[in-house]
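Read off the chains here:
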Amino acid sequence: AQTVTQSQPEMSVQEAETVTLSCTYDTSESDYYLFWYKQPPSRQMILVIRQEAYKQQNATENRFSVNFQKAAKSFSLKISDSQLGDAAMYFCAYRRDATSGTYKYIFGTGTRLKVLA
Amino acid sequence: EADIYQTPRYLVIGTGKKITLECSQTMGHDKMYWYQQDPGMELHLIHYSYGVNSTEKGDLSSESTVSRIRTEHFPLTLESARPSHTSQYLCASSARTGRAGANVLTFGAGSRLTVL
C-alpha cells in the first residue's frame, strides 16, 4: 500500500527567507501524481503545485518549486521569498495513475509553517 | 474561487439529531470525496464516489452515509449525531483525465460540525 510521510510537524521561516518542506512516499508504481496542498487557518484547502512522475523536470509555480527525486521517493517543496500569507498547514499527497482504476488521494500528516515577521 | 460548495459551513447540534451535510460542484467532475479532519490534523477519507449511483467507504470507518444520485451532488448524512462526530468535514472533487481539473483535487470550504 502506498504511504506518504511528512516528518516535520512544524517549521518556521523568517519573512523573505527560503524554506523547504519534506515529503517522502512509498509506492511500487511507476506512474503517479504528487501534490502539495496548502490549508490556511480556517480557510479552504488549495493546490500549490503538482508533479507528474513521468516528468523529470521539477514543477515550479512562481515562488513555489519542488525537488522531485523519483528514485529516492522524495518530493520536497521549496518556498522562496516567504510571505506572511504563506503561513498554513501544508499537505503532501499522492495519487496513482488513472490506469490503475483507483482515484484515491493519499495525504501525509501535514507540516505547519509559521512565517515570522 | 472554487466551484465546489458546502453547506452549512458551521453547525452546532444536539446528540441524536439527524444531519445532512450538502456538497455540490459545478465543474462536471465525476469523482467526489468526503474527508474528515480534526482541526490542524491530517485528512481521513471516509467516502468516495466515481460517478452516479457509485459510492464506496473510505479508509476511515464512519457511521455516516452518502448518496450520489446526481453528478453534481454528494450529500453526507448522519442519522444520529454523537459528540464523537464533532469534526470538520471536507468535500472534494476531481475530473477524469483530459477534463479541466483532471488529476487535481478541488476542495470545498468545509463544514465544521459540533455535536453537544
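Small disclaimer: the values here were computed from a predicted structure and weren't measured.

### Some details on the overall build of chain B
And step 1. What chain B contains, in helices and strands, is zero helices and 11 strands.
And step 2. Reading the helices (α) and strands (β) of chain B from amino to carboxyl end gives β-β-β-β-β-β-β-β-β-β-β.
And step 3. Relative to a compact globule of 116 residues, whose C-alpha radius of gyration would be 13 Å, chain B shows 14 Å and is just as compact.
And step 4. In chain B, which comprises 116 residues, the share counted as buried stands at 49%.
And step 5. Residue pairs at least 24 apart in sequence account for 55% of intrachain contacts in chain B once pairs closer than 6 positions are excluded.
And step 6. Put simply, chain B shows about 5300 Å² of open surface, and 52% of that area lies on carbon and sulfur atoms.
And step 7. Of the charged side chains in chain B, 11 are positive and 11 negative; the average position of the first set lies 4 Å away from that of the second.

### Some remarks on the pairing of strand 11 (residues 111-115) of chain B
Residue and element names in this part refer to chain B.
And step 1. Side chains Ser111, Leu113 and Val115 project from strand 11 onto a buried face, and the interleaved Arg112 and Thr114 project onto a face without burial.
And step 2. Pairing analysis gives four bridges linking strand 2 (residues 10-13) to strand 11, with the strands arranged parallel. Looking across to strand 11, one finds that Tyr10 is bridged to Arg112.
And step 3. Bridge count between strand 9 (residues 87-94) and strand 11: three bridges; the pairing is antiparallel. Residue pairing for strand 11: Tyr89 is matched across the bridge by Ser111.

### A look at the sheet that holds strand 3 (residues 19-25) of chain B
All names here are of chain B.
And step 1. Reading across the sheet, the four strands line up as 1-3-8-7 and stay open at both edges, with antiparallel pairing between neighbours. The sheet is open, and its two edges are formed by strand 1 (4-7) and strand 7 (65-66), each paired on a single side.
And step 2. As paired elements, strand 3 and strand 8 (residues 76-78) share three bridges and run antiparallel to each other. Within the sheet, the bridge partner assigned to Ile19 lies in strand 8 and is Leu78.

### Thoughts on the interface of chain A and chain B
And step 1. Opposite the 22 residues of chain A that make contact, chain B presents 26 residues.
And step 2. Of all residues in chain A, Gln44(A), Lys104(A) and Tyr105(A) give up the largest surface area on contact with chain B, accounting jointly for 30% of the area buried on that side.
And step 3. At the junction of chain A with chain B, the criterion picks out one salt bridge.
And step 4. When the shortest N-O distance is used, the salt bridge between Lys104(A) and Asp59(B) registers 3.0 Å.
And step 5. Our enumeration of links across chain A and chain B arrives at four residue pairs in polar contact (both at pLDDT 80 or more).
And step 6. For the side of chain A that touches chain B, the secondary-structure elements that each account for two or more residues are strand 5 (32-39), strand 6 (46-52), strand 10 (88-96) and strand 11 (105-107) of chain A.
And step 7. If one sorts the elements of the side of chain A that touches chain B by residue count, strand 5 of chain A sits on top with four residues.

### Quick look at the state of the cysteines
And step 1. Using the criterion set out here, one finds two disulfides over all chains in the structure.
And step 2. Two residues share a disulfide in this structure: Cys23(A) and Cys92(A), whose sulfurs sit 2.0 Å from each other. When the S-S torsion is -70 degrees, as for the bridge of Cys23(A) with Cys92(A), the disulfide is left-handed. Of this pair, Cys23(A) sits in the loop between strand 3 (19-21) and strand 4 (24-26) while Cys92(A) sits in strand 10; the two residues are 69 residues apart in sequence, bridging distant segments of the chain. Taken as a pair, Cys23(A) and Cys92(A) share a single burial class, namely buried.
And step 3. Disulfide pairing is shown between Cys23(B) and Cys91(B); the S-S distance is 1.9 Å.

### Overview of the environment of Pro9(A)
All names here are of chain A.
And step 1. Mapped onto the secondary structure, Pro9 falls in the loop between strand 1 (3-5) and strand 2 (10-14).
And step 2. Given the relative accessible area of 60%, Pro9 is considered exposed.
And step 3. Each C-alpha atom of the pair Pro9 and Val66 lies 19 Å from the other, and the pair is 57 residues apart in sequence.
And step 4. Leave out the neighbours within four places in its chain, and Pro9 touches Gly110, Thr111 and Arg112.

Cut-offs and rules
Residues numbered from 1 in each chain as written. Chains lettered and ligands numbered in written order. Predicted model: local features only at pLDDT ≥ 70, side-chain atom pairs only at ≥ 80, totals over all residues. Heavy atoms only, no water. Helix = DSSP H or I, 4+ residues; strand = E, 2+ residues; numbered from the N terminus. Rg over C-alpha atoms; globule rule 2.2 N^0.38 Å. Buried < 20%, exposed > 50% of the residue type's maximum accessible area, 1.4 Å probe, protein only. Contact = heavy atoms within 4.5 Å. Areas by Shrake-Rupley, 256 points an atom, 1.4 Å probe, with all protein chains shown as cover. Lys, Arg positive; Asp, Glu negative; His and termini not counted. Charge placed at Lys NZ, Arg CZ, Asp CG, Glu CD. Pairing = 2+ DSSP bridges. Buried area = accessible area lost by both parts, 1.4 Å probe. Salt bridge = Lys/Arg side-chain N within 4 Å of Asp/Glu carboxyl O. Polar contact = N/O pair within 3.5 Å; in protein donor to acceptor, adjacent residues only side chain to side chain. Disulfide = S-S within 2.5 Å.

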